[in-house]
Amino acid sequence: MGCRSSAAGLVAIVLAAGCSTTLKPGDREAAFAVAVEVGQSRRPEAAARATWAYLSGATEDDPRYDRAVRLMARAAESMGFSYAASLWYLEIAQARRDVTLLPEAVRGLERIILGGPHDEEVLINGFLGSAELSELPPDIQAFVDFHQGVASIRNDLDHWASDRFSRIPESSIYFARMKYVRAVELVKKGKLKEAAEAFEAILELDALDEALKADVHRSLARLHFENGKYDDALEHYQIIREMAPGDPELLLEMAWAHYYEGDSRRALGLLYALDAPVYADLIAPERFLLEALCLRRLCQFGPARNAAIRLAQRHGDAVGDIYSGVPLGQSKVLQAAAAERGLTRKIALYRKRLEEEKGRIALVQGTIGAGLANELHKIYDAGIAEAKRREAEMMALEVDELADALLQAEEGVRLILHELGVALLRGRRPPEGATEATAVEIPTGGDQVFYRFEGEFWTDELDDFVVYAEDRCID
């Protein structure tokens, strides 16, 4: 049966399977009307199908072309296709054929960027960081000015960055982010006192989201750590633990602070917490070295030696590949470990989001039609291929960094094993460094309850582990 073009058959034209590619000009106008109508009634699948029916026969010269692209972007975003939506919003913003649509397009990009893993290379580095975008509404202009200021800093154009940053109002969420970028710049310049004051000032701001607040506390903790103010560092680390309890790297940083403060038993408790299954993906060779250092300070020579050689037990295959001359890019163990680190993990999360969104196409194909489904497959196939290419680039960098970290940790293990042998000959004298804190006594009564660890990890107890090892040193 053919496609009808009468007013009575308006909805049937654009919702009947297979009709979109044969619509007449008048029918395309009907399709646009349906797209607007069903879009307003919050039926994104139907809106997407009707919009595709219109766009299939339209050119960029069509006066409604960009409005149709906006309808498609809205529908895609509502259906969970954030990547496809970002490309359609980007098309509107880049072309600027209809300047009245520019604010909405940029707002769409902002939502997607704030909403999770996204194409940072295309959306931010390729467009927002350098596009001529001005005279936007104040809220969205702040979003643009922030990213353009950051781009200017990366290109050593501090004057341009200052100009962009000066436009951001204090009421904007990007004001605190701008201040954080400026504080980080002070750290890079070695102005640590001024940086600490700048970070502290950020915590007083009203428009401060939780993720940025955690970053500020971590930055302050690290500055205090570098200045030897371990108590102050631990105060900030504890705040972060309450905000982000699932961060294993934070436990490791806290353990180092406790060690340098002189509380090896508390540091050991945090290190053993890292053995919890929830932290199985953490790749941190230095933890075994720190464990050995803590036990050495207590003159627990046997356990210290066992802790040191755990590095070989955990990462021996990777170290073996390095020493045997296997090209780093061909080492499966190094590749697997590097996949969980830094920038590789970030781009991997983005790739996985694209793959998840691509998987949704099959769920809506019957509603949006084969034509649009095929277009989405093309969009996501290209996006995933590019994400994999970038992931491979980041993987090469992370593998190199991981190999260096493993070799440094292994060298540290060799040194500590040598030092343990020398210490045995010299007797149980405490090593140089902070005086070891007195072990916490377990009272027979009181408000606190102490439990002996029996091999089961409970996430609400990981922060409370303490190793009650005897201090066997003799002055």
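What counts and how
- Residues numbered from 1 in each chain as written.
- Predicted model: local features only at pLDDT ≥ 70, side-chain atom pairs only at ≥ 80, totals over all residues.
- Heavy atoms only, no water.
- Helix = DSSP H or I, 4+ residues; strand = E, 2+ residues; numbered from the N terminus.
- Rg over C-alpha atoms; globule rule 2.2 N^0.38 Å.
- Buried < 20%, exposed > 50% of the residue type's maximum accessible area, 1.4 Å probe, protein only.
- Contact = heavy atoms within 4.5 Å.
- Areas by Shrake-Rupley, 256 points an atom, 1.4 Å probe, with all protein chains shown as cover.
- Lys, Arg positive; Asp, Glu negative; His and termini not counted.
- Charge placed at Lys NZ, Arg CZ, Asp CG, Glu CD.
- Expected span 1.5 Å × (residues − 1).
- Bend = angle between axes of the 7 residues up to and from the residue.
- Salt bridge = Lys/Arg side-chain N within 4 Å of Asp/Glu carboxyl O.
- Patch = residues over 30% accessible without salt bridge, like charges linked within 9 Å, V, L, I, M, F, W, Y side chains within 5 Å.
- Disulfide = S-S within 2.5 Å.
- Phe/Tyr/Trp six-rings, centres within 6.5 Å; stacked < 30°, edge-to-face > 60°.
- Lys NZ or Arg CZ within 6 Å of the ring centre and 35° of its normal.
- pLDDT = per-residue confidence, 0-100.
- 1 Å grid on protein atoms, 1.4 Å probe; cavity = no way out; pocket = protein on both sides within 12 Å on 5 of 7 lines; lining within 4 Å.
- Points joined across faces, edges and corners; volume = space filled by probe spheres on them.
- Nonpolar A, V, L, I, M, F, W, Y, C, P; charged D, E, K, R; others polar.
- Core = buried A, V, L, I, M, F, W, Y, C linked by side-chain atoms within 4.5 Å.
- Polar contact = N/O pair within 3.5 Å; in protein donor to acceptor, adjacent residues only side chain to side chain.

K.L.:
Which residues make up the overall build of the chain, and what values go with them?
P.N.:
A count of helical and extended segments in the chain gives 20 helices and zero strands. Since a compact globule built from 475 residues should have a radius of gyration of about 23 Å, the 29 Å found for the chain marks it as more spread out than a globular shape. In terms of principal-axis extent, the alpha carbons of the chain reach across some 100 × 55 × 50 Å. Taken across its 475 residues, the chain has 46% of its residues classed as buried. Long-range contacts, defined as pairs at least 24 residues apart, comprise 63% of the intrachain contacts of the chain with a sequence gap of at least 6. Working note: accessible area of the chain is about 24,900 Å², and carbon and sulfur atoms make up 51% of it. Looking at the chain, you have 56 positive and 78 negative side-chain charges, and the mean spots of the two groups are 4 Å apart.

K.L.:
Give me helix H17 (residues 301–323): which residues, what numbers.
P.N.:
In this model H17 runs just 28 Å from its N-terminal to its C-terminal C-alpha over 23 residues, more than 12% under the 33 Å that 1.5 Å per residue would give. Taking the largest bend as the criterion, H17 deviates by roughly 85°, centred on His-315. Summarising the contacts, the buried residues of H17 are in contact with helix H16 (286–297), helix H18 (332–338) and helix H20 (370–426). Phi for Gly-325, located one or two positions after H17, is positive at around 85°.

K.L.:
Mind laying out the environment of Ala-46, listing which residues take part and the relevant values?
P.N.:
Residue position: Ala-46 is located in helix H3 (residues 44–55). Owing to a relative accessible area of 8%, Ala-46 belongs among the buried residues under this scheme. The sequence separation of Ala-46 and Ala-93 amounts to 47 residues, and the corresponding C-alpha distance is 25 Å.

K.L.:
Can you explain the side chain of Glu-110? Please cite residues and give values.
P.N.:
You can see Glu-110 is positioned in helix H6 (residues 102–114). Of the side chains with opposite charge, Arg-107 comes closest to the buried, unpaired Glu-110, at an N-O distance of 5.8 Å. If we skip the residues at most four places from it in the chain, Glu-110 touches Ile-140, Phe-143 and Tyr-174.

K.L.:
Residues and numbers for a nonpolar patch on the surface, please.
P.N.:
A surface patch of nonpolar side chains, about 360 Å² in accessible area, is lined by Val-440, Ile-442, Phe-450 and Tyr-468. Counting through the fold element by element, Val-440 comes out in the segment after H20.

K.L.:
Summarise the state of the cysteines; cite the residues concerned and give the values.
P.N.:
Applying the stated criterion to the full structure yields one disulfide. Summary of cysteine pairing: Cys-294 is not part of a disulfide, and the nearest cysteine sulfur, belonging to Cys-473, is at 12 Å. Assessed through its relative accessible area of 0%, Cys-294 is described here as buried.

K.L.:
Describe the packing of aromatic side chains, with residues and values.
P.N.:
The description of an aromatic ring pair rests on the distance of the ring centres and on the angle between the ring planes. Evaluated as defined, the whole model comprises 13 aromatic pairs. Geometrically, the ring pair formed by Trp-256 and Tyr-259 is edge-to-face, given 6.2 Å between the ring centres and 85° between the ring planes. Placement of both Trp-256 and Tyr-259 in helix H14 (residues 248–261) is noted, with a separation of three residues, approximately one turn of the helix. Here Trp-256 matches Tyr-259 in class, with each residue buried. Clustering of aromatic rings is evident, with ring pairs tying together Phe-225, Tyr-230, Trp-256, Tyr-259 and Tyr-260. The aromatic ring of Tyr-259 is capped on one face by Arg-297, whose charged end is 4.1 Å from the ring centroid.

K.L.:
Describe the confidence of the model for the chain, and please don't skip the residues or the numbers.
P.N.:
With 94% of its residues at a pLDDT of 70 or more, the chain shows a mean pLDDT of 86. Long-range and interchain partners of residues 1–10, a stretch whose pLDDT sits below 50, account for 11 contacts in this model, where long-range means more than four residues apart. Contacts for the low-pLDDT stretch residues 17–23, under 50 throughout, to residues beyond four places or in other chains number 13 contacts.

K.L.:
Before we move on, could you go through empty space enclosed by the protein and cite the residues and values that matter?
P.N.:
In total, this model carries one cavity of 30 Å³ or more according to the counting rule given. There is about 60 Å³ of room inside the largest cavity. Sorting the residues of the lining of the largest cavity by element identifies helix H5 (82–95) and helix H19 (342–368) as the ones contributing at least two each. When grouped by side-chain class, the residues that make up the lining of the largest cavity number six nonpolar, three polar and three charged.

K.L.:
So what's going on with a negative patch on the surface? Residues and values would help.
P.N.:
On the surface, Asp-231, Asp-232, Glu-235 and Glu-261 cluster together into a negatively charged patch. Positionally, Asp-232 belongs in helix H13 (residues 230–243).

K.L.:
Report on the pattern of salt bridges, specifying residues and quantitative values.
P.N.:
A side chain with one charge may pair with a side chain of the opposite charge, provided their charged atoms come close. Within the structure shown, the criterion is met by 35 salt bridges. Between Asp-163 and Arg-167 there is a salt bridge, with its nearest N and O atoms 2.9 Å apart. Accessibility expressed as a relative area gives 29% for Asp-163, which makes it partly exposed. Taken together, the shared-partner salt bridges connect Asp-119, Glu-386, Arg-389, Arg-390 and Glu-393 into one network.

K.L.:
Describe the nonpolar core, listing the residues and the values that go with them.
P.N.:
The biggest cluster of nonpolar side chains holds 73 residues, and the ones touching the most others in it are Phe-81, Trp-88, Phe-165, Leu-376 and Tyr-380. The element contributing the most residues to this core is helix H4 (residues 65–79), with nine residues. Apart from the residues lying within four places of it in its own chain, the contact partners of Phe-81 are Ala-76, Glu-357, Arg-360, Ile-361, Val-364, Leu-376 and Tyr-380. Formed by 49 residues, the second largest nonpolar core is a distinct cluster that contains Ile-240, Leu-270, Cys-299 and Leu-420.

K.L.:
Lay out H14 with the relevant residues and their values.
P.N.:
Given 3.6 residues to a turn, an α-helix orients residues that are three or four positions apart in the same direction. Over its 14 residues, H14 runs 20 Å from end to end, which matches the ideal 20 Å to within 8%, given 1.5 Å per residue. Extensive coverage of H14 is indicated by the burial of 11 of its 14 residues. Taken together, the buried positions of H14 are occupied by Pro-248, Leu-250, Leu-251, Leu-252, Glu-253, Met-254, Ala-255, Trp-256, Ala-257, His-258 and Tyr-259. Packing partners of the buried residues in H14 comprise helix H12 (210–226), H13, helix H15 (264–273) and H16. For H14, the capping residue at the N-terminal end is Asp-247, with a side-chain oxygen 3.1 Å from the backbone nitrogen of Glu-249. Looking one or two residues beyond H14, the residue adopting positive phi is Gly-262, at roughly 110°.

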